[in-house]
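# Reading the structure
Listed below, chain by chain, are the residues.
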Amino acid sequence: MTKLKSKRFVVFTLLMTLMIGSLYGCATPGSTGKTDPTQSDTTTADSSGTGSEAAGTSGEKTVTYAQTKDVDSFDPRNATSTITASMMNMLYSSLVTTDADFNIICDAAESYEQIDERTYKFTLKQGIKFHDGSELTSEDVKYTLDTIREEEATYKLKSDFSFMSCEPIDEYNLYIKTDEPNVSTLLRLNYVKIIPKNYVEKVGDEEFNKHPIGSGPFKFVEWNKDESIKLEAFDDYFGGKPKIDEVICKVIPEASARVAALQAGEVDIIGAVSTSQIDSLKGMSDIEVVTKPTTRAVYFTMNSFSDSPVKDLKVRQAINYAIQKDAIVAGVLDGYGTAIQTLALPMFEGYDDSIKGYEYNPEKARELLKEAGYPDGFSIELEGSFSGISNGADVAQAVGAQLAEIGIKTSIVEKDSNTMMDEYAAQTTSPLTMWSFGGPYNNINLITKCVLGTGERYSAWSDTVFDGLKEKMDTTMDETQRLEVYKEVQQYIIDMAPVVPLYQTDLICAYNKTKIKSWSPRTDEMMIMNDVELAE
Amino acid sequence: MGMAKYLGKRFIQSIIAVFGITIIVFIVLNIAGDPVKLMLPDTASYQEIEEMRQKMGYNDPLIVQYLRFLGNALRGDFGTSYKYNEPALQIVLERIPATVTLAVSSMMIALVIGIPAGMISAVKRNSITDTVIRSLALLGQCVPAFWLGIMMMLLFAVKLKWLPTSGFDTWSSLLMPSLTLGVFTAATITRMLRSSMIEILGKEYIDVAKAKGLGRYVIIIKHAFKNALSSVMTVIGLQFSSLLGGAVITETVFAWPGIGRLLVQSIENSDFMVVEIIVIFMAFAIVIINFIVDILYCLINPRIKLQ
Amino acid sequence: MWKSLKESKTGLVGVIVVLLVVFAALTANIIAPYDPTKQDVMNKLMNPVFAGGNFNHILGTDQLGRDVLSRVIYGSRITILVAFFGTILAGVIGTLLGAIAGYYGKWVDAVIMRIVDIQLSFPFVLLALFVAAVLGRSLKNVIIVAAISSWVQYARLVRGEILSVKEMEYIEAIRSVGSKNSRIIIRHIIPNIISPAIVQATLGMARIILMEASLSYLGLGVPLEIPTWGRMLSDGKDFMLSNPWLAILPGIAITITVLGVNLMGDWLRDYLDPKLNV
């Protein structure tokens, strides 16, 4: 999968608006929400009335799906990659979670309210059972956050969550406090999967990772590394027994092999389908292709530290004028994506379709190159970790061809993301670097910070004006004022042209519709089987 | 020189070679970067990364880091895999059965096809059979593994539904990856055996044997094949050691949980300890295979003295 | 030599194929109908003319609308360069080191064979990644990777052959006359082992051509704007169901070339080793 999420999921600075909108929580579980608060304590009653069908069928109801990579860990405190986080969503529950479209909904919490800007009060549902039969209480939530925070702890999520702590009030009521006011607390809590205190203390972390116990809809059965994971339905799940008996997750790294496995009927659902395979899949009557716009943006950074022509503003603008995003989305991606003008994606807060970026204008681009002193163009290197981006190599070559039209010759070099992260740190990335940024976030704060801020992880630019705007963006709490700041930021990015925003990606998945009735990919790119429904 | 002394000497040399390889890999990995950046989230600043680096000991001189690694390794502690947060040795050991299974089965396929094909081809030199075998052997060497693998998958799994597309659960899932790897090795063995046997069949002592009135099959098997084996053995040894090192592409195509995929992932994740252990495992495997090949050389061809 | 070539029909075919590929490589800019990097996404994924396409693009177009025929023609350049120089480099290093190890034996042999062991246990992927990380991505580095990863084959083979040749009586005889070691290696031993080495070289060339494909598959190949058969093959595998020609055509190019090299190798061996002329 793509680089950012495969390393760890991105931490996000989420917006107050969203939070305030749902301050008194859990109002809208949404159609895809896995919990229904009104029925939380009846474990056998099924909210949608399919329980009788489940009882009437004697055969095992198994859903098999294929992922590109294996999970890293079964300890949610180490769950950094999107694939691992997806698995955690099936095995564990958290206070709140998100639905397929990224709305916050209650999970183990019955309700919550914000007490002050650093404190939330949560009430847990009663009678939530872990897979070993013990009950989930405030103490387990406290234990989860305490262990992450410990001085000597080395959990991979430590720096993401160590600003949070839990103060139990009683068995079912607790406060979640943050060291600083933090607008993203609720969204982050989706990743704090609650672990059973007594069990983990008894067996230790290593054994816990081997035999994990959570309170989610599925129980862990076995893990064969880089091969398969088997889960089975948890009968006493507080949200009602899942509609399927068994989930098998297979690891199939090769894209063609995933498609073959789906066609052969060995797996029911596959993710990360590339556009090149859609045609052959759509030709098959029993296969349904489903897509979802994600939070992943694909763009080029231009290294302003390098001794290359892109240091010149006019050259950067020329490059922006030379690239025809719509043609790339339509021609290379077959329309599976959305061209973007700034780093703001259409679903983000702060997105404003009145903000126009660079239109395609090769004459203007040539003129600017001439003004910059390159009437005959020049040659530069273009790099990227193309295998990590769906159709990445084709997009890079299409961009190369468009740049050639205005006289810029590119040498297109593939690198692994690891090397490129070192290059970003050392400020030695190629003049043009293709990268993608995605994960659980929904506003422009995070992406602009990480991609353009001085000294940030994926930034090849340093600008004090921008850094000032970034600060303003984070600290402006008033909604209308903040929207103004967002406009200002986006206009500044367009004026200074440190990046070439290309497009927002679509996640393409496919399933066997003779077996699966409905299943949906998610905006945050996770693959979760909690709500999958089998065909009759 | 006695066998025991020879083996002892080779053992010491091999240990030195294994040390050599650990040093080289250690240096190479360190040049390629450390895993600290992958251990922290995107929002971590460079300062936090630097602090972590200091804490983990990545700022120490390389020699200090190496000695620390070596000291721990000699005490049986191969460190922890950053990716899995488990003992690195255990991670590698878990993959060895899959790798060995695939290596052995593909080598068996290669021998079963390659040896008879090579012999027939040599004996019936320039016949139609020979031409067919040679053409097939050439083809077998021209097809890239990922291409052959996906083609077989489409045919046997998707169209005919005889075999599963991938996985490591049943014996039937072993067949396609073994064939993918075995075909190339079989082709190599066929060609090597054919050319060696033709060369030997043209030698004078074969004429002498013929003159002595020895039967045709006796000559082919006892003289030509036996003598041709030494060059074939080299090829087999080389192929087998590279199979044990994991066949990254075949493993990727068939989702085979072997060492090759683990190695690539571990390099991507800078999971140093896992890479080191895989390399040490490969080094030992190769040393042992070389041993066996050397000894077999002598058994087949007693004129070669052990040295 | 010419006479021998005329007699061996397969050898002739091999030489002609190799010459054709070399010719294509040298004159690619003249004979290719299009610029191999010229994209035209409006006309992408066209079938070859014999599979329902049209004569504008005889072998069809790829996923970016580039002309496949032109790419195959230009691709021969890279294949020739990588296979030829990779094999020569590996063959020279390997044969020399193998011969020295086999002939001198003792500690020389031990040292060289330990280097061989190290090289063999050094994972190919790690080697390729390392060369790419330190020297960058370029054609030259693919050749270096090819050579480093294959010299061992020659070294081991040649050493093995030498061990058996060395004990033969006539070498003993020459040695007793007082010939210098280097002279014995070059004049008497190398000619004896040249035939397996050439077989190995033709095998090795095939291996290197495939290796270029594997490197492209693993994302460690030459820069993307350079058309290579390996990359075409690796890109084409995703279209195996919808547009199979994209993977089949470069596959045929590789197969024919490897076949030509091998046929030429077989003839060369017979020619160089008159003992075999039955």
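Residues numbered from 1 in each chain as written. Chains lettered and ligands numbered in written order. Predicted model: local features only at pLDDT ≥ 70, side-chain atom pairs only at ≥ 80, totals over all residues. Heavy atoms only, no water.

### A few points about the confidence of the model for chain C
Residue and element names in this part refer to chain C. Residues with a pLDDT of 70 or more make up 96% of chain C, whose mean pLDDT is 83. Looking over chain C, one finds the lowest element-wise mean pLDDT in helix α8 (residues 169-177), namely 72, and the highest in helix α3 (residues 28-31), namely 91. On the interface metric, ipTM, the complex scores 0.82, and its pTM is 0.82. (pLDDT = per-residue confidence, 0-100. Helix = DSSP H or I, 4+ residues; strand = E, 2+ residues; numbered from the N terminus.)

### Quick notes on the nonpolar core
Membership of the largest hydrophobic core comes to 133 residues, with the highest contact counts inside it found for M87, L95, F122, I269, W519 and M529 of chain A. Residue contributions to this core peak at 10 residues, all from helix α13 (residues 272-300) of chain B. With residues up to four places along the chain from it excluded, the contact list for W519 of chain A reads I269, V290, C509, Y511, M527, I528, M529 and V532 of chain A. In terms of nonpolar packing, the next biggest core, distinct from the first, is built from 60 residues, I150 of chain B together with V18, F239 and L246 of chain C among them. (Core = buried A, V, L, I, M, F, W, Y, C linked by side-chain atoms within 4.5 Å. Buried < 20%, exposed > 50% of the residue type's maximum accessible area, 1.4 Å probe, protein only. Contact = heavy atoms within 4.5 Å.)

### Quick word on the domain arrangement of chain A
Segmentation of chain A into domains returns domain 1 (2-24 + 294-505) and domain 2 (74-215). Measuring from the centre of the C-alpha atoms in domain 1 of chain A to the corresponding centre in domain 2 of chain A gives 34 Å. (Domains from an automatic or database assignment.)

### Topic: the sheet that holds strand β4 (residues 109-116) of chain A
Residue and element names in this part refer to chain A. Ordered in space as β4-β5-β7-β6, the four strands form an open sheet in which the pairing is antiparallel. In this open sheet, the two edge strands, each paired with only one partner strand, are β4 and β6 (164-168). With strand direction ignored, the average angle separating the axes of adjacent strands in the sheet is 25°. One ladder, built from six bridges, connects β4 with strand β5 (residues 119-124); its direction is antiparallel. Bridge pairing links D116 to T119 in β5. Contacts from helix α5 (residues 138-149) reach β5, β6 and β7 (173-178), with the element oriented near 150° to β6. (Pairing = 2+ DSSP bridges. Axes fitted to C-alpha atoms, helices over the stretch in contact; angles between N-to-C directions.)

### Quick notes on the side chain of S228 of chain A
You can see S228 of chain A is positioned in strand β9 (residues 228-233). Discounting chain neighbours no more than four positions away, the residues touching S228 of chain A are E222, W223, C249 and K250 of chain A.

### Some details on the interface of chain A and chain C
At the junction of the two partners, chain A supplies 23 residues and chain C supplies 18 residues. Between chain A and chain C the total buried area reaches about 1,800 Å² when both faces are included, carbon and sulfur atoms providing 50% of it. It is S276, Q397 and E414 of chain A that lose the most area in chain A upon contact with chain C, and together they represent 28% of the buried surface on that side. Between the two partners, chain A and chain C, sit two salt bridges. The salt bridge partner of K44 of chain C is D334 of chain A, with a shortest N-O separation of 2.8 Å. Inspection of the region where chain A meets chain C yields 12 residue pairs in polar contact (both at pLDDT 80 or more). (Buried area = accessible area lost by both parts, 1.4 Å probe. Salt bridge = Lys/Arg side-chain N within 4 Å of Asp/Glu carboxyl O. Polar contact = N/O pair within 3.5 Å; in protein donor to acceptor, adjacent residues only side chain to side chain.)

### Describing the packing of aromatic side chains
Scanning the entire structure with this criterion turns up 24 aromatic pairs over all chains. One aromatic cluster in this structure is built from F74, F220 and W223 of chain A together with Y84 of chain B. The ring of Y175 of chain A carries K177 of chain A above its face, with NZ or CZ at 5.7 Å from the centroid. One Lys or Arg, K225 of chain A, reaches over the ring of Y84 of chain B and ends 5.5 Å from the middle of that ring. (Phe/Tyr/Trp six-rings, centres within 6.5 Å; stacked < 30°, edge-to-face > 60°. Lys NZ or Arg CZ within 6 Å of the ring centre and 35° of its normal.)

### Brief notes about the confidence of the model for chain A
Looking at chain A as a whole, the pLDDT averages 84, with 89% of positions reaching at least 70. This stretch, residues 1-58 of chain A, has a pLDDT under 50; its non-local contacts, to residues over four places away or in other chains, come to 160 contacts.

### Some remarks on the interface of chain C and chain B
Every contact between the two is made by 57 residues of chain C and, on the other side, 56 residues of chain B. Buried area between chain C and chain B, both sides added, is near 5,100 Å², and the carbon and sulfur share of it is 71%. The tally of links between chain C and chain B comes to zero salt bridges. Contributing elements (two or more residues each) for the side of chain C that touches chain B: α5 (106-121), α6 (124-135), α7 (139-166), α9 (181-217), α10 (229-236) and α11 (245-272) of chain C. In terms of residue count, α9 of chain C provides more of the side of chain C that touches chain B than any other element does, 12 residues in total. Partitioning the side of chain C that touches chain B into residue classes produces 31 nonpolar, 12 polar and 14 charged. (Nonpolar A, V, L, I, M, F, W, Y, C, P; charged D, E, K, R; others polar.)

### Remarks on a nonpolar patch on the surface
On the surface, I23, I27, I31 and L62 of chain B together with V134 and L135 of chain C cluster together into a nonpolar patch covering about 500 Å² of accessible area. Contributions of two or more residues to the nonpolar patch are made by α1 (3-31) of chain B together with α6 of chain C. The biggest single contributor to the nonpolar patch is α1 of chain B, with three residues. Relative to the assigned elements, V134 of chain C resides in helix α6. (Patch = residues over 30% accessible without salt bridge, like charges linked within 9 Å, V, L, I, M, F, W, Y side chains within 5 Å. Areas by Shrake-Rupley, 256 points an atom, 1.4 Å probe, with all protein chains shown as cover.)

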